Amino acid sequence: MSLWTLGFVVIGILAPTVFVRNISIFSFTFLLGNLCILTTIVAVSYVFSGKLLVDGVGPDVEWITADYAIMVGFACYAFEGIGVVLPIMQVCECPEKFDGILVAALLTLTTIYIGFGELCYFTLGSGMTQEFITRELDHGSLLVIVLQMIYSLNLLFSYSIAINPANQIIASYLFKSLLNKKDRNNKWERIHWHAVNIQRLFVLLAAVYCAIELSSVLDKFLSLLGAMLCGPLAIMFPALIHLRTTASGVFEKTIDLSCIAASTAVMVFCLSQVAAGS
């Protein structure tokens, strides 16, 4: 099956889900998506741990490699899910406990990111050449086939919640005039409904097109995307908003300015690395 054929299949599956306004109905599928990721991590960790014990450390393991700039961007890309925090909080049964849950989740994810990445690198060393770690496993193994299917299911399960904040922001900019009119006339309300559906469909088409066209340079693209978008979204903008609205003491303002400077430095550094390598 070609990538374009697969892309049309994905569009056919996801298109009906992006039209749904009440994302709380996807909370269960989002949980299934997380379980799919956890299953993949556990299975790959089990295989690589056995390989590391038997074969030892992989070849040419270095503390700083030639592609270290990609790591910087990916560290920022780890925040790509930050956009679903508020939507999840909105459908949470106990919002007052959400702060503690969020801190525990961040600590858990940080541990998993570091531990899993170190395990894979020390196991494969310079032999790690694929964008997806599951491709480093035996392609003829039933386990690999199952893991790839599970990971694909995760993307299908979590897309609707992950893309919802972007859809809402785009719709609020594109159809602001219709949004003001729809409260006064059922006709405008219907027009607004269909316009938003078309906009959401175009976002899905754009996402699938980019995934296909950039599949060969996915690691570099995600690294650049993380530095240019995820870093500011998770670090710069919150610090900037806090600085302009609630920061009172010198210490708080210093922390905010430090976050803004760090995010800006990462953006400039990763962009310069991409320009130098292009």
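Predicted model, so just to flag it, every value in this text is computed and none were measured.

Right, let's get into the overall build of the protein. Helices and strands together make up the secondary structure of the protein, namely 10 helices and zero strands. Taking the principal axes of the C-alpha coordinates as reference, the protein spans close to 70 × 55 × 45 Å. For the protein, with 278 residues in total, the buried portion stands at 28%. Contacts spanning at least 24 positions in sequence make up 76% of the contacts within the protein whose residues lie at least 6 apart. Carbon and sulfur atoms make up 70% of the accessible area of the protein, which totals about 17,700 Å². Between the averaged position of the 14 positive side-chain charges in the protein and that of its 18 negative side-chain charges there is a distance of 20 Å.

Right, let's talk about the nonpolar core for a bit. If you look at the biggest cluster of nonpolar residues, it comprises 12 residues: Ile41, Ala43, Val44, Phe48, Phe116, Leu119, Cys120, Leu124, Ile133, Leu137, Val144 and Leu147. Secondary structure elements with two or more residues in this core: α2 (27-55), α5 (98-124) and α6 (142-174). By size, the runner-up hydrophobic cluster in this structure holds 10 residues, among which are Ala15, Tyr159, Ile163 and Val203.

Let us look at the pattern of salt bridges. Think of it this way: side chains of opposite charge can pair up when their charged atoms draw near. Counting across every chain of the model gives one salt bridge. Notably, a salt bridge pairs Asp55 with Lys51, separated by 3.3 Å at the nearest N-O pair. Separated by four residues within a single helix, Asp55 and Lys51 lie in helix α2, roughly one turn from each other. Classification of Lys51 as partly exposed rests on a relative accessible area of 34%.

It is the contact of helix α3 (residues 68-77) with helix α9 (residues 218-245), at a shortest axis distance of 7 Å, that shows an interaxial angle of 55 degrees. By the criterion of interaxial angle, the relationship of α3 to α9 is oblique. As for the relative orientation of α3 and α9, their crossing is left-handed in sense. Of the residues in α9, those in contact with Ala69, Ile70, Gly73, Phe74, Cys76 and Tyr77 of α3 are Asp219, Lys220, Leu222, Ser223, Leu225, Gly226, Ala227, Cys230 and Gly231. The residue inventory of the contact of α3 with α9, partitioned by class, reads nine nonpolar, four polar and two charged.

This part is about the side chain of Asn164. Topologically, Asn164 is positioned in helix α6. Using a relative accessible area of 4% as the deciding quantity, one classes Asn164 as buried. Once residues lying within four places of it in the same chain are set aside, the contact partners of Asn164 are Ile23 and Arg200.

Our focus in this paragraph is the packing of aromatic side chains. The full count for this structure, using the stated rule, is two aromatic pairs. Judged by centre distance (6.0 Å) and plane angle (45 degrees), the ring pair of Trp4 and Tyr209 falls under tilted. Residue Trp4 is found in helix α1 (residues 3-18), and its partner Tyr209 is found in helix α8 (residues 186-213); the two are separated by 205 residues along the sequence. Trp4 gets classed as partly exposed once you look at its relative accessible area, which sits at 40%.

What counts, and at which threshold
- Residues numbered from 1 in each chain as written.
- Predicted model: local features only at pLDDT ≥ 70, side-chain atom pairs only at ≥ 80, totals over all residues.
- Heavy atoms only, no water.
- Helix = DSSP H or I, 4+ residues; strand = E, 2+ residues; numbered from the N terminus.
- Buried < 20%, exposed > 50% of the residue type's maximum accessible area, 1.4 Å probe, protein only.
- Contact = heavy atoms within 4.5 Å.
- Areas by Shrake-Rupley, 256 points an atom, 1.4 Å probe, with all protein chains shown as cover.
- Lys, Arg positive; Asp, Glu negative; His and termini not counted.
- Charge placed at Lys NZ, Arg CZ, Asp CG, Glu CD.
- Core = buried A, V, L, I, M, F, W, Y, C linked by side-chain atoms within 4.5 Å.
- Salt bridge = Lys/Arg side-chain N within 4 Å of Asp/Glu carboxyl O.
- Axes fitted to C-alpha atoms, helices over the stretch in contact; angles between N-to-C directions.
- Parallel < 35°, antiparallel > 145°, perpendicular 65-115°, else oblique.
- Left-handed = near helix turned anticlockwise from the far one by under 90°.
- Nonpolar A, V, L, I, M, F, W, Y, C, P; charged D, E, K, R; others polar.
- Phe/Tyr/Trp six-rings, centres within 6.5 Å; stacked < 30°, edge-to-face > 60°.

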